[in-house]
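# Structural description and commentary
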Amino acid sequence: MGENEIKELAKAIAEELKAYNGCQLSDDEQRAVRDLIKTKKNAVRAALWLFGAVVLWVLKDVYLWIITHTTFD
């Protein structure tokens, strides 16, 4: 999701809130919504990196265990 998509999504959220709840978000509030969406995007990205690192670490350990237990002396 690019910067422009985030801005468009934040504007769409603000417009929906105005239309259905009678809530009118100021520019600062719209900026806060954009920042919240960016934070969520970054948190998901970080979680995926951590998950990938753990998976690679486990695969390495499984590979080493298989290699050490299947070698013939």
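Computed from a predicted model, the values in this text were never measured in an experiment.

### What to know about the overall build of the chain
Looking only at helices and strands, the chain has two helices and zero strands in total. Taking 2.2 N^0.38 as the reference for a compact globule, 73 residues should give roughly 11 Å; the C-alpha atoms of the chain span a radius of gyration of 23 Å, well beyond that estimate. Projected onto its principal axes, the C-alpha positions of the chain cover 75 × 20 × 15 Å. Out of the 73 residues belonging to the chain, those deemed buried represent 10%. Accessible area of the chain: about 6400 Å², with a carbon and sulfur share of 64%. When the 10 basic and 11 acidic side-chain charges of the chain are each reduced to a single mean position, those positions are 3 Å apart.

### Here we look at the pattern of salt bridges
Side chains that differ in charge, positive against negative, can pair when their charged atoms come close. Evaluation of the coordinates by the stated rule reveals two salt bridges. Note that Arg31 and Asp28 form a salt bridge whose closest N and O atoms lie 2.8 Å from each other. You can see Arg31 and its partner Asp28 sitting in helix α2 (residues 27-70), three residues apart, about one turn around the helix. Lys60 is paired through a salt bridge with Asp61; the nearest N and O atoms lie 3.2 Å apart. Accessibility expressed as a relative area gives 34% for Asp61, which makes it partly exposed.

### A look at the side chain of Arg34
Residue position: Arg34 is located in helix α2. Exposure remark for Arg34: the relative accessible area of 18% places this residue in the buried category. Apart from residues lying up to four places away in sequence, Arg34 is in contact with Ile6, Lys7 and Ala10.

### Concerning the environment of Glu8
As for its placement among the helices and strands, Glu8 is situated in helix α1 (residues 3-21). Measuring from C-alpha to C-alpha, the distance between Glu8 and Leu64 comes to 48 Å, with 56 residues separating the pair along the chain.

Here is what the cut-offs are and how they apply
Here, residues in each chain are numbered from 1, in the same order as that chain's written sequence. Since the coordinates come from a predicted model, pLDDT governs what is reported: local features require at least 70, and pairs of side-chain atoms require 80 or more to be given and counted, while whole-chain, interface and lining totals use all residues. Calculated side-chain values reflect all of the structure's heavy atoms, with hydrogen atoms and water omitted. Strands here are runs of E lasting at least two residues and helices are runs of H or I lasting at least four, both read from the DSSP assignment and numbered beginning at the N terminus. Each radius of gyration is computed over the set of C-alpha atoms, and the globule rule expresses the reference value as 2.2 Å times the number of residues to the power 0.38. For every residue, the accessible area (1.4 Å probe, protein chains only) is compared with the maximum for its type, and the residue is labelled buried under 20%, exposed over 50%, or partly exposed between those bounds. Using a 1.4 Å probe, accessible areas were evaluated by the Shrake-Rupley method; residue-level cover was limited to the displayed protein chains. In summary, the charge assignment counts Lys and Arg as positive and Asp and Glu as negative, without counting His or the chain termini. Taken as the charge centre is NZ of Lys, CZ of Arg, CG of Asp or CD of Glu, depending on the residue. Take a side-chain nitrogen of Lys or Arg and a carboxyl oxygen of Asp or Glu: if they are within 4 Å of each other, that pair is a salt bridge. By definition, residues are in contact when any of their heavy atoms lie within 4.5 Å.

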